[in-house]
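# Coordinate inspection notes
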Amino acid sequence: MPSLVISVRLHDGRYHGVGDWPPCPARLFQALVAGVGLQGPLQERHRHALEWLEGLPAPVIAAPRAWQSRRSFRMYVPNNDSDAIGGDPARMSLIRTATKAVRPWFFDAAVPFLYAWQFPRGPEEEHATTICCLAERLYQLGRGWDMAWAWGEVMDEAEMEGLLSRYPGEVFRPSEGTSPTVLAAPCAGSLESLERRFHAFHRRFAYRKAEKGIEVTLRQPPRPRFQPVRYEAPPHRELFELRDAADRNRLCAWPLERIATLAVEARDAAVRKLRDAMSQRKADVDRVLIGRRPDGSNEYPPEKRVRILPLPSIGHPHADHEIRRILVETPAGCLLAPEDVRWAFSGLSVAEPGGAVAILVRSSNDSSLKYFGIGGKQAYRLWRSVTPAALPRASRGGKTRAEPTTAEARRERLESLAEAVLHALRHAGHRVPVEWIRIQREPFASHSRLSSDFAEHSRFHADELWHVEICFREPVQGPIVLGNGRFLGLGLMVPVAQTPEVHVFQITGGLSADAPTEMVSESLRRAVMALAGEEYRNGLPSYFSGHEPDGSPARNPGKPHLAFCMDPGRARLLVLAPSLLERRRPTPEEKKHLEVLDRKIRELTEIRAGKAGRLSVSPARIFASSDPLFRHSAEWCSATPYLVTRHYRCGDAGEAIRRDVQGQIRAHGLPEASIEVEEFWS
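Residues numbered from 1 in each chain as written. Predicted model: local features only at pLDDT ≥ 70, side-chain atom pairs only at ≥ 80, totals over all residues. Heavy atoms only, no water.

## Here we look at the overall build of the protein
In terms of regular secondary structure, the protein is built from 14 helices and 30 strands. Across its three principal directions, the C-alpha atoms of the protein cover 100 × 90 × 60 Å. Each of the 682 residues in the protein was classed as buried or not, and the buried ones make up 42%. Long-range contacts, defined here as pairs at least 24 residues apart, represent 73% of the contacts in the protein between residues at least 6 apart. When the accessible surface of the protein is totalled, it reaches about 37,400 Å², and 49% of it is carbon and sulfur. (Helix = DSSP H or I, 4+ residues; strand = E, 2+ residues; numbered from the N terminus. Buried < 20%, exposed > 50% of the residue type's maximum accessible area, 1.4 Å probe, protein only. Contact = heavy atoms within 4.5 Å. Areas by Shrake-Rupley, 256 points an atom, 1.4 Å probe, with all protein chains shown as cover.)

## A look at the environment of arginine 621
Along the chain, arginine 621 turns up in the loop between β30 (614-620) and α14 (653-667). Exposure remark for arginine 621: the relative accessible area of 24% places this residue in the partly exposed category. It is 20 Å that separates the C-alpha atoms of arginine 621 and serine 416, two residues lying 205 residues apart in sequence. In this structure, arginine 621 is in contact with Trp436, Arg438 and Glu469, ignoring residues within four places of it in sequence. Here glutamate 469 takes part through its side chain, which lies 3.3 Å from a polar atom of the side chain of arginine 621. (Polar contact = N/O pair within 3.5 Å; in protein donor to acceptor, adjacent residues only side chain to side chain.)

## Some words on the pattern of salt bridges
This model, assessed by the stated rule, comprises 44 salt bridges. The partner of aspartate 286 in a salt bridge is arginine 275, and the shortest N-O contact between them spans 2.5 Å. One end of the pair, aspartate 286, is in helix α7 (residues 282-290); the other, arginine 275, is in helix α6 (residues 259-277), and eleven residues separate them in sequence. Taking the relative accessible area as the measure of exposure, aspartate 286 reaches 13% and is therefore buried. Salt bridges sharing partners connect three or more residues here, namely Arg381, Glu435, Glu474, Asp598 and Arg602. (Salt bridge = Lys/Arg side-chain N within 4 Å of Asp/Glu carboxyl O.)

## Considering the environment of tryptophan 681
In this fold, tryptophan 681 is placed in the segment after α14. Taking the C-alpha atoms as reference points, tryptophan 681 and glycine 654, 27 residues apart in sequence, are found 9.9 Å from one another.

## A short note on helix α4 (residues 157-165)
All buried positions along α4 are accounted for by Met160, Gly162 and Leu164. For α4, the elements touching its buried residues are β1 (3-10), β3 (60-64), β8 (113-118), β9 (148-155) and β10 (169-174).

## Let's talk about the sheet that holds strand β16 (residues 307-312)
In spatial order, the strands read β16-β17-β15-β19-β18; together these five strands make up an open sheet with antiparallel pairing. Strands at the two margins of the open sheet, each flanked by one partner only, are β16 and β18 (349-351). Strand-to-strand twist of the sheet, defined as the mean angle between neighbouring strand axes without regard to direction, takes the value 30°. Pairing geometry for strand β15 (residues 236-244) and strand β19 (residues 357-362), over five bridges, is antiparallel. Within the sheet, the bridge partner assigned to phenylalanine 240 lies in β19 and is arginine 362. Docked against the sheet, α6 engages β15, β16, β17 (323-330) and β18, running at close to 140° with respect to β16. Of the strands in this sheet, β15, β16, β17 and β19 are in contact with helix α8 (residues 338-345), which crosses β15 at around 10°. (Pairing = 2+ DSSP bridges. Axes fitted to C-alpha atoms, helices over the stretch in contact; angles between N-to-C directions.)

## Section: the sheet that holds strand β4 (residues 66-68)
The three strands are arranged β2-β7-β4 in an open sheet whose pairing can be described as antiparallel. Each of the sheet's edge strands pairs with one partner strand only, and the pair in question is β2 (14-15) and β4. Pairing between β4 and strand β7 (residues 105-107): three bridges, direction antiparallel. Note on β7: the bridge partner recorded for tryptophan 67 is phenylalanine 106.

## Some points on helix α2 (residues 44-54)
Here α2 has its buried residues at His46, Ala49, Leu50, Trp52, Leu53 and Glu54. Tucked inside the fold, the buried residues of α2 contact β1, α1 (25-37), β8, α3 (126-135) and α5 (190-201).

## Digging into the packing of α2 against α5
Taken N-terminus to C-terminus, the directions of α2 and α5 make an angle of 120°; their axes are 8 Å apart at the nearest point. Judged on the interaxial angle alone, α5 and α2 are oblique. Contacts from Arg47, Leu50, Glu51 and Glu54 of α2 reach α5 at Ser190, Leu191 and Glu195. Classifying every residue of the contact of α2 with α5 by side-chain character gives two nonpolar, one polar and four charged. (Parallel < 35°, antiparallel > 145°, perpendicular 65-115°, else oblique. Nonpolar A, V, L, I, M, F, W, Y, C, P; charged D, E, K, R; others polar.)

## Things to note about unusual backbone geometry
Here the bond from tryptophan 21 into proline 22 is cis, since omega is 0°, no more than 30 degrees from zero. Locating proline 22 in the fold gives a position in the loop between β2 and α1. With omega at 0°, the peptide bond leading from glycine 478 into proline 479 counts as cis. In this structure, proline 479 sits in the loop between β23 (465-476) and β24 (480-481). With a phi angle near 65°, histidine 321 is a residue other than glycine that sits in the positive phi range.

## Some remarks on the packing of aromatic side chains
All told, the structure shown has eleven aromatic pairs when counted by the stated rule. With a centroid separation of 6.3 Å and 40° between ring planes, the pair formed by phenylalanine 240 and phenylalanine 345 is classed as tilted. Of this pair, phenylalanine 240 sits in strand β15 while phenylalanine 345 sits in helix α8, placing them 105 residues apart in sequence. Here phenylalanine 240 matches phenylalanine 345 in class, with each residue buried. Joined through ring pairs, the aromatic side chains of Tyr15, Trp21, Trp105, Phe107 and Phe113 make up one cluster. In this structure, arginine 305 packs its charged tip against the face of phenylalanine 487, placed 4.0 Å from the ring centre. For the cation-ring pair, arginine 441 lies above tryptophan 466, with the distance from its terminal atom to the ring centre recorded as 3.5 Å. (Phe/Tyr/Trp six-rings, centres within 6.5 Å; stacked < 30°, edge-to-face > 60°. Lys NZ or Arg CZ within 6 Å of the ring centre and 35° of its normal.)

## Examining the pairing of β30
Sheet analysis places strand β26 (residues 502-509) next to β30, joined by five bridges and oriented antiparallel. When the bridges of β30 are listed, isoleucine 507 appears paired with valine 617. Pairing of strand β29 (residues 606-608) with β30 involves three bridges; the strand directions are antiparallel. When the bridges of β30 are listed, isoleucine 607 appears paired with leucine 615.

Here it is as structure tokens:
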């Protein structure tokens, strides 16, 4: 697929635009329109070309390495009120107004910005050539004093990717994830909105006679139409395999608990190799690989460092979790080119604990990365550590803190550790809110290791190492590496694919004292149906409603549906899947419905339950081993009134209820039980 690449150079190596970095595609589109508009109304071929450009998907953006000024400044301009000073230019300083604070970006003026659009071949391909001609008329990008010039080229996909791979800066690509970088891009109607704004700008002042003279009314011109697009600058990744130096066809296995040792040995070997080959750039090598500045301080930004991730062998229940591969990530905008980093690690030798020598060889198969949530488009909410995260100690003075002996002390310690996990997420660049966190010493996988096993082979004390489980509110893509040892392979997390069969909400407010449980449950059902209905435009399946399309109850056993109930003793609401109640695996169709439920039910924050109240709810977590509704027990008591399914004619209401309950027990495959009816009413 061919690509249209527009290169832009700013004359002074400064960019004064406010609110976006890199300069968004919408600014470039406006600059193209402004450049061709200097000659008057747009020609038809220019209009068609710009309309074709606005219809293309958002472009890839390449921007030079830049830094923002620490200080801001303001410009002072006349406020269009010269009548207040009688039109005297000498008194213009009296009506000057300060503009918004500006913090310019500085970069190498010799490195151009690149904007690359991909387009299909066809009869409209000639519009790309027209856009290249329009690019030569561009004269500024950003503020009016950001003078620039541009040129356009049409190249094939391989040539465009080669240009981006050699680019000495950051490459931003459109993303569907949760990247915080959101840039405005042209879309259908952008050109028309710019023309409408241009004409409205000339009519922004309305004049009419008033008692004391002329009254002036300012009408703001309409805003241009652009679409927000999320951009991310993914790192360059290279996967290496640990091969036996004596037999290159055999993979070497490195012990999991010595993961930090492997990362340090590989890093130091790469540093020595690069220092010998790039003696004039030793400072850059130390910054990028060790994080050390020329003055010896460790204050180099972590997000610009090369990250070395030894990867355990996972993906199968019987996988041994030994290390056979190393992933090297070079961040976008790194001081060293990805080709230099790849060369530095290729062919390195590291000594195994048993004395054998392993060679790092580039891998031709990166399918193992999917087990760490890397490379694919799928995102996950639940993540578990496969190597423990190094969290700050809770005690002062660097001394080991004794294990808490009381429940209150243990709670306080876990709360401080959970807060440390949140700080670790922020330091690692993850901004998605967290639903809950679980912290423990024991590993989550059977073949992993205790957190204390990693202390002997790392610079961290056993009191600092913890296995962590995190559930995000929104799906997140990998890799996720947390803690102070994230550049040594510690804190590496793996995603857990899950389709929850139970959703629990805590009622945090608004519940009436005498609220009927059945009314609250029915309100919960209506709320879930309304949310799910946004996904099913052709009719809500009976899985959510419990009714057939004609409105009759769904009594067919082949069409199970969700259950909605209230736990009045704990002020909770529960949505239960039929597969959970029937103690079976969900069918493929039910899994699709559960995925929709999991995605939409997170939007539930409020339930209007009539006279039961206007309920504020928040997600809660179920611990099956300790929760009274889910744990094992030989005795069970109803928490909400039981409604009989069949009225037995036996002359005794209590006996009829007992028979009905026995029938339900058998229908659900539960063991026989003795039943006691404490109270009943009709």
